[in-house]
Protein chains: 2
Amino acid sequence: MSAVSPLAPTTFAELPSIAGVRFATAEAGIKYKNRTDVLLMVLDKGTEVAGVFTRSQCPSAPVDWCKAALTKGIARALLVNSGNANAFTGKRGRETVRLSAAMVAEVVGCRPKDVFLASTGVIGEPLDPRKFATVVADTASRAAAEPWLAAAKAIMTTDTFPKVASRQVSLGEATVTINGFAKGAGMIAPDMATMLAFVFTDAAIAAPALQTMLSAGVKESFNAITVDSDTSTSDTLLLFATGQVGPRVESARDRRLAPFRAALDSLLLDLAHQVVRDGEGARKFVAVTVEGAASDRSARRIALAIANSPLVKTAIAGEDANWGRIVMAVGKAGEPADRDKLAIWFGDTRVAVKGERDPDYSEEATSAYMKRDEIAIRVRLGLGEGQGRVWTCDLTKEYVAINGDYRS
Amino acid sequence: MSAVSPLAPTTFAELPSIAGVRFATAEAGIKYKNRTDVLLMVLDKGTEVAGVFTRSQCPSAPVDWCKAALTKGIARALLVNSGNANAFTGKRGRETVRLSAAMVAEVVGCRPKDVFLASTGVIGEPLDPRKFATVVADTASRAAAEPWLAAAKAIMTTDTFPKVASRQVSLGEATVTINGFAKGAGMIAPDMATMLAFVFTDAAIAAPALQTMLSAGVKESFNAITVDSDTSTSDTLLLFATGQVGPRVESARDRRLAPFRAALDSLLLDLAHQVVRDGEGARKFVAVTVEGAASDRSARRIALAIANSPLVKTAIAGEDANWGRIVMAVGKAGEPADRDKLAIWFGDTRVAVKGERDPDYSEEATSAYMKRDEIAIRVRLGLGEGQGRVWTCDLTKEYVAINGDYRS
């Protein structure tokens, strides 16, 4: 169980530093022993922020806090812990959030509302704010341009590898940097699809423009991945801009932002794919593309029905080209579909066409394809122009093992 | 994998015979070796029929056939095979259905349209009608009042035990009998929730009245169970009435039908529960009750979100009272919910109340409860009067094993 996902990257890039961002990690012993579980990021004055959160009707206390704090668009610090989600913890949970933000505000020298908070881990256990009291001042004093991998590691729960990504891109005459890190690895489904992801740039972009770009970018990245169809109470994606490099940009429609927007989208997709590659128990990375649907929305819903089907996911785990289960999943999606117009591909091999097995179907070729680490499923409905794409992983015995005794 | 589910009944009742119903089984070698895989049921003249089918947009060829045949409300035979679903088999599948019905019609002496067909097993493999040619005449000649367990066994796929149920009840001055049998065991989700179930009575009830009672009865039985959230292409529930005992009843509103209707509902629920108890890999039978929701529909949707959550189901498999995942599932259902009014019970133990862990929560008592075979989860939302109840099983490594190499 502690083994690293076979889909993990083989090397980790060293991320450049971001002007205006310093951080440190600590071992607060919240749940885990002998590993970091608290991350404090200190942001220079002038940092603006945007965020996207879980759509759960039962969000965690930190999510409630961040949503309220976001209205000003200003950020000076981010405190994250792993091991306890501070979700469904009632009044005590709200009090923990209030006290934690106050502690950070004091050492950083800002208002509590400029402090962003995120917690990940078990739900329903009270999170003792005294755990932070012992580390907040210390981490603030140590905060520096540390290796970003250390930040990514401190927020891991059942993740088997840290997830980082970086892009450098022109903004006007300047070259700006975007760094991000994320953690999964279960309760990953739209919407939102990751538990925690944080992105930082040294560019000078106004909060409303950041928000527009983030909300658009999340749609085809974090909101297009699913590990187990379960949506967390804690999903949080924050984008911080320290404003220390390049021209100040006020509007998302500013043409100078085009390369930045493309780089941001690419970074979000990179992180989202890493979350899937580290899905609990995952051994296969699966892309599901649906074309020819009645609409894009319909295509996406069918793609999600396929990506969330336990029978499709177990077949992929078994390296079984069981396209009958794809037909089943298309049929159950409740979207327009005509059995006799359906075509299905695994990779480049068309396995079914016009409502039956492809006459040229080769079991051998398809079986060989199913042994790969990365599987592409494509479905053409033949009804319209709607397209959609989502990513998922297979469902293995390890998923059951990991989640059958996670809490105890 | 071949072991019988630990949730199987310890004894099987011997079902009484039903006047007007004869049957025989055969080994046609469709997929399985050394077991029966074809069932032919011959029904006396005067038999009326009702049916409910999968809502899949990609139904099997036999489902299409039955839906068309049902318009007359008359039945003379039922031919069922296991090992091949004849789904997504295109023109050849339709031809197989047509030829099979013609073969049966010839030996039984009826019109092809009076023959009902059902197939269960792998999707997308052509089903050779010659497989039936070798057994249809033989089974018709042998058809008799056989032990019903033999019928239930012939239609099994990954089922580990045959599922039968029987009721006797007053109808006017007469005592009528209802026998039923069903098979699961994966692709079990509303709507419909079983793959195949067949119910027979000797009562004399007109087809429209049968249909009204069946459609009503399925709502709280087969449409309230889920094993894996996957809806089959083949789900078929048929109710046959031979009309040989008691007074003829034309309308479902006839007061004399009240005991019959109650007995039918009870039999449908009995069979539906057996399907859950034989869910692939199941070791726990789980009832999920949601109360105090905004509406009954909302309660049912929340109950299904809980019952279909892989994280809830793996926690139950791990005998872990992880009520945080219940909160998660309530939150993701997209229905009205107020975190701070939520209360959750495992059995009689309230584990959470008013948005946090119950102050009197006992880990020890709850852990002991989770070791049981039957687990009751109750959620009170505190919003309104809406109620809903569904049944499911846990998600174990055996589910993954069974479905990871079912086809190959």
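About the thresholds
- Residues numbered from 1 in each chain as written.
- Chains lettered and ligands numbered in written order.
- Predicted model: local features only at pLDDT ≥ 70, side-chain atom pairs only at ≥ 80, totals over all residues.
- Helix = DSSP H or I, 4+ residues; strand = E, 2+ residues; numbered from the N terminus.
- Rg over C-alpha atoms; globule rule 2.2 N^0.38 Å.
- Buried ≥ 20, exposed ≤ 12 C-beta atoms within 10 Å, placed from the backbone.
- Contact = placed C-beta atoms within 7 Å.
- Axes fitted to C-alpha atoms, helices over the stretch in contact; angles between N-to-C directions.
- Parallel < 35°, antiparallel > 145°, perpendicular 65-115°, else oblique.
- Left-handed = near helix turned anticlockwise from the far one by under 90°.
- Nonpolar A, V, L, I, M, F, W, Y, C, P; charged D, E, K, R; others polar.
- Least-squares fit on C-alpha atoms with pLDDT ≥ 70 in both.
- Domains from an automatic or database assignment.
- Core = buried A, V, L, I, M, F, W, Y, C linked by C-beta atoms within 7 Å.
- Arc of directions from axis to C-beta.
- Pairing = 2+ DSSP bridges.

### Some thoughts on the overall build of chain A
Next up, step 1: Broken down by element type, chain A carries eleven helices and 16 strands.
Next up, step 2: Relative to the globule expectation of 22 Å for 408 residues, the C-alpha radius of gyration of chain A, 22 Å, shows essentially globular dimensions.
Next up, step 3: Among the 408 residues that make up chain A, the fraction classed as buried is 61%.
Next up, step 4: Contacts in chain A between residues far apart in sequence, at least 24 positions, make up 81% of those at least 6 positions apart.

### Some remarks on the packing of helix α5 (residues 207–219) of chain A against helix α6 (residues 258–277) of chain A
All names here are of chain A.
Next up, step 1: Two elements in contact, α5 and α6, have axes separated by 9 Å at closest approach and are oriented at 45 degrees. By the angle between their directions, the pair α5 and α6 is classed as oblique. Of the two possible hands of crossing, α5 and α6 adopt the one that is right-handed. Across the interface between the two elements, M213, G217 and V218 from α5 touch R261, L264, D265 and L268 from α6.

### Notes on the interface of chain A and chain B
Next up, step 1: Chain A puts 53 residues into the contact, and the matching count from chain B is 54 residues.
Next up, step 2: Contributions of two or more residues to the side of chain A that touches chain B are made by α2 (90–108), α8 (310–317), α9 (323–332), β14 (356–357) and α11 (397–404) of chain A.
Next up, step 3: In terms of residue count, α9 of chain A provides more of the side of chain A that touches chain B than any other element does, seven residues in total.
Next up, step 4: Along the lines of polarity and charge, the residues of the side of chain A that touches chain B split into 19 nonpolar, 21 polar and 13 charged.

### Topic: the relation of the copies chain A and chain B
Next up, step 1: With an RMSD of 0.1 Å, chain A superimposes on chain B once it is rotated by 180 degrees and translated 0.0 Å along the axis. Both chain copies can therefore be described as sitting about a two-fold axis. Rotation axis and chain A: the residue whose C-alpha lies nearest the axis is K397 of chain A, separated from it by 2.4 Å.
Next up, step 2: Comparing interface residues between copies, 100% of those in chain A also sit at the interface in chain B, which points to an isologous, same-surface contact.

### Structural notes on the domain arrangement of chain A
Residues and elements named next belong to chain A.
Next up, step 1: Per the domain assignment, the segments making up chain A are domain 1 (21–275) and domain 2 (285–404).
Next up, step 2: Across the contact, eight residues belong to domain 1 and ten residues belong to domain 2.
Next up, step 3: Taken together, the residues of the side of domain 1 that touches domain 2 break down into three nonpolar, five polar and no charged.

### Focus on the nonpolar core
Next up, step 1: In this structure, L40 of chain A together with L40 of chain B are the most contacted members of the largest nonpolar core, which totals 283 residues.
Next up, step 2: With residues near it in sequence (within four places) discarded, L40 of chain B still touches F23, A24, A77, L79, V104, V136, T139, A140 and A143 of chain B.

### Regarding α11 of chain A
Next up, step 1: Along α11 of chain A, the residues classified as buried are Y399, V400, N403 and G404 of chain A. All buried residues of α11 of chain A lie within an arc of 120 degrees about the axis, which places them on one face of the element.
Next up, step 2: Check the buried side of α11 of chain A and you find it contacts α8 (310–317) and α11 (397–404) of chain B.

### Some details on the pairing of strand β7 (residues 174–183) of chain B
Residue and element names in this part refer to chain B.
Next up, step 1: For β7, a buried count of eight out of ten residues is recorded, marking the element as mostly surrounded by other parts of the structure.
Next up, step 2: Pairing of strand β6 (residues 163–171) with β7 involves nine bridges; the strand directions are antiparallel. Following the sheet pairing, K163 is matched in β7 by A182.
Next up, step 3: Hairpin geometry of β6 and β7 is characterised by an intervening segment of two residues between the two adjacent antiparallel strands and by a positive phi of about 60 degrees at G172.
Next up, step 4: Examined bridge by bridge, β7 and strand β8 (residues 196–205) share six bridges and lie antiparallel to one another. Among the inter-strand pairings, F181 is bridged to a residue of β8, identified as F198.

### Notes on the sheet that holds strand β1 (residues 21–26) of chain B
Two modes of strand pairing occur in sheets, parallel and antiparallel, and in both the strands are linked by backbone hydrogen bonds.
Residue and element names in this part refer to chain B.
Next up, step 1: Pairing is mixed in the open sheet, where four strands are placed in the order β1-β2-β4-β5. Looking at which strands have only one partner, the edges of the open sheet turn out to be β1 and β5 (115–122). Adjacent strand axes in the sheet meet at a mean angle of 10 degrees when their direction is disregarded.
Next up, step 2: Judged from the eight bridges that link them, strand β4 (residues 77–84) and β5 form a sheet pairing that is parallel. Residue pairing for β5: L78 is matched across the bridge by F116.

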